[in-house]
Amino acid sequence: MQTTLISPSNEANFIYTDKFYFNSISLLNEMREKNPKYKNSFEFMPNLKKLKLIRKHNNYILKKVVYFSQPIYQDDEIELIVNIKKICDKLGLEFKIKPHPRQAQALFKDTNVQVLSNSLTFSSIIHDTDLVLTRTSTIGLDCWLNNIPVIFIRHNKHLKNIIADYLPLNYVGDISSVYELNDLLGNNSNYLFKQFYNISESFLEYNEDFDFLTSLENEK
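As the structure is a prediction and not an experimental result, all values here were calculated from the model. (Residues numbered from 1 in each chain as written. Predicted model: local features only at pLDDT ≥ 70, side-chain atom pairs only at ≥ 80, totals over all residues. Heavy atoms only, no water.)

> Would you take a moment to explain the nonpolar core for this structure?
One broad trend across soluble globular proteins is that nonpolar side chains are buried collectively. Among the nonpolar cores identified, the biggest contains 42 residues, and I84, L133, I151 and L181 are the most heavily contacted of them. Sequence-distant contacts of L133, defined by excluding residues within four places in its chain, comprise V65, V66, Y67, F68, I84, F95, I151, I153 and L181. In terms of nonpolar packing, the next biggest core, distinct from the first, is built from eight residues, F20, L27, L28 and F42 among them. (Core = buried A, V, L, I, M, F, W, Y, C linked by side-chain atoms within 4.5 Å. Buried < 20%, exposed > 50% of the residue type's maximum accessible area, 1.4 Å probe, protein only. Contact = heavy atoms within 4.5 Å.)

And the structure:
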């Protein structure tokens with residue numbers, strides 16, 4: 001079953017069972033088109049993360065920021081974190097790092113930023129934060145689902161080319177430079193939150209599989 005972001009492309013056979021389930025119908029169709037040899041093994045199953053959602057209430061006060069890291073372009077990431085910390089310090093914001101499970105806490109020791117334990121759950125983290133930052137992690141999908149504002153910092157050419165089909169076009173929180181954070185975390189934070197919540201409300205309403213999952217849950 002698909003558990004992370006997949007960009008549609010021609011792939012070697014990665015199926016080791018009878019079926020592989022995608023959590024997006026549009027991605028399923030694109031993968032079938034690009035991999036006709038395996039298309040009969042591809043099926044659709046809604047994203048199980050959407051069961052029993054407890055969405056946060058809308059909040060327009062920005063005090064706490066958490067950055068979710070990724071185990072890619074790590075030298076680049078350390079520099080990014082240092083620059084984010086400078087901006088948060090200037091604006092008086094509390095800033096913490098949540099490492100990817102494949103990253104050691106020691107990797108971030110020179111950033112002078114508090115590093116959260118990998119034993120913490122996503123739910124416990126977002127309960128105590130106002131805004132999530134990441135590069136292209138699929139944690140962004142969890143943010144849309146749980147109504148926690150998120151900014152995607154796609155500041156190098158590799159990240160800009162990654163297809164994230166859950167990221168709305170013209171979303172103000174999809175930025176190409178860390179320096180754009182100055183305005184988004186400062187004078188324009190209210191605008192960011194307002195746009196995010198408007199999109200978040202329609203995200204579930206128009207999502208292709210949420211109604212199916214709601215029905216599934218109600219039948220229990």
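> Explain helix α1 (residues 25-34) here, please?
The α-helix advances 3.6 residues per turn, and as a result positions three or four apart in sequence lie on the same side. Considered for burial, the residues of α1 that qualify are L27, L28 and M31. Down the axis of α1, the buried set is contained in an arc of 105°. They therefore lie on one face. Lining the buried residues of α1 we find β1 (20-22) and β2 (42-44). (Helix = DSSP H or I, 4+ residues; strand = E, 2+ residues; numbered from the N terminus. Arc of directions from axis to C-beta.)

> For this particular structure, what's the right way to read empty space enclosed by the protein?
The rolling of a water-molecule-sized probe over the atoms marks out the regions of remaining empty space. Summed over all chains, the structure comprises one cavity of 30 Å³ or more. Considering only enclosed or pocket space, the largest cavity measures out at about 30 Å³ in volume. Forming the walls of the largest cavity are K56, H57, N59, T129, D130, N147, I148, P149 and Y197. (1 Å grid on protein atoms, 1.4 Å probe; cavity = no way out; pocket = protein on both sides within 12 Å on 5 of 7 lines; lining within 4 Å. Points joined across faces, edges and corners; volume = space filled by probe spheres on them.)

> Help me understand the layout of surface pockets, please; the structure alone is not making it clear to me.
Size it by volume and the second largest pocket reaches roughly 370 Å³. Lining of the second largest pocket is provided by 17 residues; of these, F68, H100, P101, S137 and I139 occupy positions nearest its centre.

> Whenever I open this one, helix α4 (residues 139-146) confuses me. Can you help?
Burial of α4 is extensive: eight of the eight residues sit out of reach of the surface. I139, G140, L141, D142, C143, W144, L145 and N146 are the residues of α4 that are buried. Where α4 ends, the next residue or the one after it, N147, has phi of about 65°, a positive value.

> Looking at this structure, how should I read the sheet that holds strand β4 (residues 94-98)?
Pairing in this open sheet of six strands is parallel, and the strands run β5-β4-β3-β6-β7-β8 from one edge to the other. Only two strands of the sheet have a single neighbouring strand rather than two, namely β5 (114-115) and β8 (174-175). Sheet strands in contact with helix α2 (residues 74-91) are β3 (64-68), β4, β6 (131-134) and β7 (150-153), and its direction is about 160° off that of β4. Along the sheet face, α4 touches β3, β6 and β7 and points at about 160° away from the line of β7. (Pairing = 2+ DSSP bridges. Axes fitted to C-alpha atoms, helices over the stretch in contact; angles between N-to-C directions.)

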